[in-house]
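Examining the three-dimensional arrangement
Letter by letter, the chains look like this.
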Amino acid sequence: MSHDDLVKYLRSHTIFSDLEPAHIETLAKHASEKAFVAGDLLFRQEDPAEHFYILIEGAIQVEVPAIMGPALIVQTLGADEVLGWSWLIPPYKWTFEAKAQSDSQVLVFDGKALLQLCEKDTDFGYALMKRFTGLMSQRLHAARLKMMDSWAPAGWA
C-alpha cells in the first residue's frame, strides 16, 4: 500500500476517521504491512507490547491462554478491526494472545515510537488514548462474557 493509499485508508477508518490530518500522517509514517499465515502467533501474553495492528484481510483470534488445555478464544477479528492496546499502558506487556486464524494481511504500527510522540504532543496522545480506551473496554467486556459462558459451573447464574 502506498503512503497516499495508507493515509486515505486511515482517514476512512472508523476509529481514526476524525483525527486531525497531521495525526493521520503521523500514524501513516509509523505503519508497515505484514502478512501472517494461518496459525502464526502475532504476540504472546506477557511479552513486551510494542505494536498495534489493523487487520486488512483475514481473521485473527484474540485468546486467553489456559493453564492446561486449549486457549479460550475471546474474539475473532476481521477486516478493519484494530488489535492491541497494551503498547499504550504500563507495564507495556500483552494482556491477551493473538493468532492468525487464517492467512492474514495487517498494518503494523510502531507503538514505541508513537508512544514517544504522544508524550511530546499531548493533543495527539489524548486523541489516541480516547480511541484506544474504547477498544480496551470492548475487548475486556468480550473476554468477561466469554469466560462467564465458558467457565461458569453448571447451575450458576
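Note: the structure precedes this text.
Residues numbered from 1 in each chain as written. Predicted model: local features only at pLDDT ≥ 70, side-chain atom pairs only at ≥ 80, totals over all residues. Heavy atoms only, no water.

Observations regarding the pattern of salt bridges
As a reminder, the rule being used: Take a side-chain nitrogen of Lys or Arg and a carboxyl oxygen of Asp or Glu: if they are within 4 Å of each other, that pair is a salt bridge. Under the DSSP-based scheme used, a helix requires at least four consecutive residues in state H or I and a strand at least two consecutive residues in state E, with every element numbered from the N terminus. Using a 1.4 Å probe on the protein chains alone, a residue whose accessible area is under 20% of its type maximum counts as buried, one over 50% counts as exposed, and one in between counts as partly exposed.
Under the criterion given, the structure shown has 3 salt bridges. With a shortest N-O distance of 2.6 Å, Asp-18 and Arg-131 are connected by a salt bridge. In this pair, Asp-18 sits in the loop between helix 1 (3-12) and helix 2 (21-29) while Arg-131 sits in helix 4 (residues 122-151), placing the two residues 113 residues apart along the sequence. By relative accessible area, Arg-131 is classed as buried at 13%. Note that Lys-99 and Glu-63 form a salt bridge whose closest N and O atoms lie 3.7 Å from each other. Here Lys-99 is found in strand 7 (residues 97-100), whereas its partner Glu-63 is found in strand 4 (residues 60-64), with 36 residues between them in sequence. Take Lys-99: its relative accessible area is 28%, and that puts it in the partly exposed class.

Let's talk about the environment of Ala-79
Operational definition: For this analysis, residues touch if any pair of their heavy atoms sits within 4.5 Å.
Considering the arrangement of structural elements, one finds Ala-79 in the loop between strand 5 (72-77) and strand 6 (82-83). The exposure class assigned to Ala-79 is partly exposed, which follows from its relative accessible area of 47%. The contacts of Ala-79, once residues within four sequence positions are left out, are Leu-55, Ile-56 and Gly-58.

Some details on empty space enclosed by the protein
Spelled out, the test is: Put plainly, a pocket is an open set of points on a 1 Å grid over the protein atoms alone with protein on both sides within 12 Å along at least five of seven lines, a cavity is a set where a 1.4 Å probe fits but cannot get out, and a lining residue has an atom within 4 Å of a point. Grid points are joined across faces, edges and corners, and a volume is the space filled by probe spheres set on the points. Note on residue classes: Ala, Val, Leu, Ile, Met, Phe, Trp, Tyr, Cys and Pro are nonpolar, Asp, Glu, Lys and Arg are charged, and everything else, Gly too, is polar.
Scanning the entire structure with this criterion turns up 2 cavities of 30 Å³ or more. In this structure, the largest cavity encloses a volume near 60 Å³. For the lining of the largest cavity, a count of residues per class yields 6 nonpolar, 3 polar and 1 charged. In this structure, the second largest cavity is lined by Tyr-53, Ile-54, Leu-55, Ile-60, Leu-77, Glu-81, Leu-83 and Val-106. No other element matches the 3 residues that strand 3 (residues 51-57) contributes to the lining of the second largest cavity. Split into classes, the residues belonging to the lining of the second largest cavity amount to 7 nonpolar, no polar and 1 charged.

Some words on the sheet that holds strand 8 (residues 104-110)
This is how it is decided: Strands are labelled as partners when DSSP assigns at least two bridges between them. Lines are fitted to the C-alpha atoms to define the axes, a helix being fitted only along its stretch in contact, and any angle between axes, read from their N-to-C directions, falls within 0 to 180 degrees.
With respect to topology, 4 strands assemble into an open sheet ordered 1-8-3-6, the strand pairing being antiparallel. At either margin of the open sheet sits one strand with a lone partner, and together these are strand 1 (31-36) and strand 6. Note that strand 3 and strand 6 share 2 bridges and pair antiparallel. Along strand 6, the bridge assignment pairs Tyr-53 with Leu-83. Contacts from helix 3 (residues 111-120) reach strand 3 and strand 8, with the element oriented near 40° to strand 8.

Everything listed is a geometric property; what it means functionally is a separate question.
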